[in-house]
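Per-entry structural report
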Amino acid sequence: MTDLAKLDGIATAALIAAGEVSASEVLEAAIARVERLNPALNAVVHAHFDLARAQVARGLPAGLLSGVPTLLKNTGFEADGMILSTGSELHRHTVSHRDSTITARYKAGGLVILGKSNTPEFALSFTTEPAAFGPTRNPWAPDRSPGGSSGGSTAAVASGMVPIANSSDGAGSTRLPASHCGLFGFKPSRLVNPVGPVVAEAIGGMSTPHAVSWTVRDNAAMLDLSAGGDLGDPWASPARPGRYLAATEARPPRLKVALITASPTGEALDPEMERVAVETGRLLESLGHHVDLVADAGYDAPALKAAWRIVVGTSVALGVTGGDAASPNLLKLEPVNRDWVREALATPAT
């Protein structure tokens, strides 16, 4: 049973479909791994094993990932009966009474949800160490961070607790921890995956949900489960023909790739980072693509950072206080986020 920890989601589901192992056995093996590994890593903050067992007992829909255990990120994603604390003392005991659209699609595809993964308060940091629930550790080096904000999901997958886990990305919150932990993760275009039904957009449309995984094929299969418009979407992502998993098996056309080895904010680049980027460029060239070394990213990085701070700050401020600078909710926030919200509340509408 321990061999299940070495399989990706598609391989795990194939064993279940073939009758070599049951969905219940796969679930219990995942629960055992969480119970054994989580005390040291703190990747899972709200375990809901009872709900996962009930989900399996009711019978799972057939599908490419049916029976695969997974986790939801503890920010922005609701599951009926599960805590959604958003990494904050403010919502430590908040329980959802509905499924988010993306959660409902996961369940319809047969994914089994074990609980919620750790995240910084309101997903506002690139390291996962909320004051309310403590830091998540990097499975490869427990004295280091797995990154953030999807650090709990990423540590859970990298340690073998589950083969794939839900994440979200506004300014790198999927890509950065995936990089820290040696996984695959990317940010889909806005509203390829739904964020409703409670909200129409997340932080002005900049945060998009998806997943981290060991394999590209799992990530693609997950997107096949979840992608598509939702009722109430303010606009639609363009329709894409075919399936994402099938696209991973097709040879891409010759791509034109820009390789940038200078930081857009002017900071020095770590030599190891530069070496790996250049090696990646050479690999792409060897695969037949055209790679251009570009000196400048082509945008004003300080202006982008300033705008980002306003967009995110005002979004969080409205959610936490409703626009009331005297809201008692402010006192329950971590100091850095409390200051950010107060700054946002003082920002003029113009």
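Described below are features of the structure shown in this document. (Residues numbered from 1 in each chain as written. Predicted model: local features only at pLDDT ≥ 70, side-chain atom pairs only at ≥ 80, totals over all residues. Heavy atoms only, no water.)

1. Topic: the packing of aromatic side chains
- Scanning the entire structure with this criterion turns up two aromatic pairs.
- Plain terms: the ring middles of Trp140 and Trp214 are 6.5 Å apart, the flat faces sit at 90° to each other, and that makes the pair edge-to-face. Residue Trp140 is located in the loop between strand E3 (112-117) and helix H5 (151-158), and its partner Trp214 is located in the loop between strand E6 (208-213) and helix H7 (216-226); the two are separated by 74 residues in the primary sequence.
- Relative to Phe186, the ring of Phe184 has its centre 6.1 Å away and its plane inclined at 40°; by these criteria the two rings are tilted. (Phe/Tyr/Trp six-rings, centres within 6.5 Å; stacked < 30°, edge-to-face > 60°. Helix = DSSP H or I, 4+ residues; strand = E, 2+ residues; numbered from the N terminus.)

2. Re the sheet that holds E6
- Strand order in the open sheet formed by three strands is E4-E6-E5, and the pairing between neighbours is antiparallel. One side of each edge strand has no neighbouring strand; the edge strands of this open sheet are strand E4 (164-169) and strand E5 (184-185). (Pairing = 2+ DSSP bridges.)

3. Thoughts on H7
- When you tally the buried positions in H7, you get eight out of 11 residues, the bulk of the element.
- Of the positions making up H7, those classed as buried are Asp218, Asn219, Ala220, Ala221, Met222, Leu223, Asp224 and Ser226.
- Positive phi appears at Gly228, one or two residues downstream of H7, with a value of about 130°. (Buried < 20%, exposed > 50% of the residue type's maximum accessible area, 1.4 Å probe, protein only.)

4. Topic: the environment of Ala258
- Its place among the elements puts Ala258 in strand E7 (residues 256-260).
- Along the primary structure Ala258 and Leu283 are separated by 25 residues, whereas in three dimensions their C-alpha atoms are 13 Å apart.
- If we ignore the near neighbours within four places in the chain, the residues touching Ala258 are Asp292 and Val294. (Contact = heavy atoms within 4.5 Å.)

5. A word on the side chain of Arg105
- Its place among the elements puts Arg105 in helix H4 (residues 101-108).
- Buried within the structure, Arg105 lacks any salt-bridge partner; Asp230 is the closest side chain of opposite charge, at an N-O distance of 4.7 Å.
- Apart from residues no more than four positions distant in its own chain, Arg105 is found in contact with Pro194, Leu225, Ser226, Ala227, Gly228, Gly229 and Asp230. (Lys, Arg positive; Asp, Glu negative; His and termini not counted. Salt bridge = Lys/Arg side-chain N within 4 Å of Asp/Glu carboxyl O.)

6. Focus: the packing of helix H10 (residues 301-321) against helix H11 (residues 335-345)
- Interaxial distance between H10 and H11 falls to 8 Å at its minimum, and their mutual angle equals 100°. The orientation of H10 relative to H11 falls into the category roughly perpendicular. For the pair H10 and H11, contact is made by Arg309, Val312, Gly313, Thr314, Val316, Ala317 and Thr321 and by Trp340, Val341, Glu343, Ala344 and Leu345, respectively.
- Tallied by class, residues from the contact of H10 with H11 come to seven nonpolar, three polar and two charged. (Axes fitted to C-alpha atoms, helices over the stretch in contact; angles between N-to-C directions. Parallel < 35°, antiparallel > 145°, perpendicular 65-115°, else oblique. Nonpolar A, V, L, I, M, F, W, Y, C, P; charged D, E, K, R; others polar.)

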